[in-house]
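Listed below, chain by chain, are the residues.
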Amino acid sequence: MPKPTASITTQPGKAVSQLCPNCGLCCDSTLFADVELRAGDNAKRLRQLGLTLVPKGRNKTAFAQPCACFGGSLCGIYQDRPERCRQFECGLLRRVEANTMTPNAALKAISETKRRVEEVRGLLRSMGQRNEQTALTHRYAAAMSAPIDLADEGAAERHGKLMLAVNDLMTILQRDFLR
Ligand code: SF4
Ligand code: SF4
């Protein structure tokens, strides 16, 4: 989430500049299916900036991911991004900031994770889940709940491959990004 744009006046930290433009996993729905607004967020302003806000539960408001303000590698509303986006730092970012991991090691981990995300996306597409504007986890749930066509010899195999690929991806996300 904390990615810089060319026009920011509040400069991102060095680790953010090194990692985030090469990542985007906290904005593209890999890590989160949605982001809840927090106290201090200006919902009206965020709507004007392009976020589609929806009620979540009884009292909360959220916007769905992939984020409408994510430009593929940069946050389009960096200066005005919501509180949750300002506060979130993934595990890799925290380790690089604390000098317990080198930027190169973190970039390698990001690259490998993105490769695995692409593998999952490819499997989802092959199972008919082609809407890239829907969060990865929702596409996965839809693919797994669809009945398996027994006349299609490859269907059960794709199902199994997707389960394994998502399981491996979740392990990496928990280990490297969410701790
Ligand atoms: S507003 Fe969107 S693109 Fe910007 S940091 Fe938050 S989730 Fe990422
Ligand atoms: S997951 Fe971490 S490295 Fe990637 S964009 Fe978000 S904060 Fe930056």
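Refer to the structure printed above.
Residues numbered from 1 in each chain as written. Chains lettered and ligands numbered in written order. Predicted model: local features only at pLDDT ≥ 70, side-chain atom pairs only at ≥ 80, totals over all residues. Heavy atoms only, no water.

Thoughts on the packing of aromatic side chains
The geometry of two aromatic rings is summed up by the distance between their centres and the angle between their planes. Summed over the entire model, instances satisfying the criterion amount to one aromatic pair. Between Phe 32 and Phe 88 the ring centres are 5.1 Å apart and the planes differ by 90°, which places this aromatic pair in the edge-to-face class. With Phe 32 in the loop between helix H1 (14-19) and strand S1 (34-36) and Phe 88 in the loop between helix H3 (83-87) and helix H4 (91-97), the pair connects residues that are 56 residues apart, well separated along the chain. Given the relative accessible area of 16%, Phe 32 is considered buried. Looking at Phe 88, the relative accessible area reads 7%, which means it is buried. One cation-aromatic arrangement involves Arg 81 over Tyr 78; the distance from NZ or CZ to the ring centre is 3.8 Å. (Phe/Tyr/Trp six-rings, centres within 6.5 Å; stacked < 30°, edge-to-face > 60°. Helix = DSSP H or I, 4+ residues; strand = E, 2+ residues; numbered from the N terminus. Buried < 20%, exposed > 50% of the residue type's maximum accessible area, 1.4 Å probe, protein only. Lys NZ or Arg CZ within 6 Å of the ring centre and 35° of its normal.)

A few points about the pattern of salt bridges
Overall, the coordinates contain 15 salt bridges when judged by the stated rule. Across the salt bridge formed by Asp 152 and Arg 158, the nearest N and O atoms sit 2.6 Å from each other. Residue classification places Asp 152 among the partly exposed positions, given a relative accessible area of 30%. Under the relative-accessibility criterion, Arg 158 is labelled partly exposed at 25%. Asp 176 is the partner of Arg 175 in a salt bridge, and the nearest nitrogen-oxygen pair spans 2.8 Å. (Salt bridge = Lys/Arg side-chain N within 4 Å of Asp/Glu carboxyl O.)

Remember, this is a structural readout, not a statement about activity or role.
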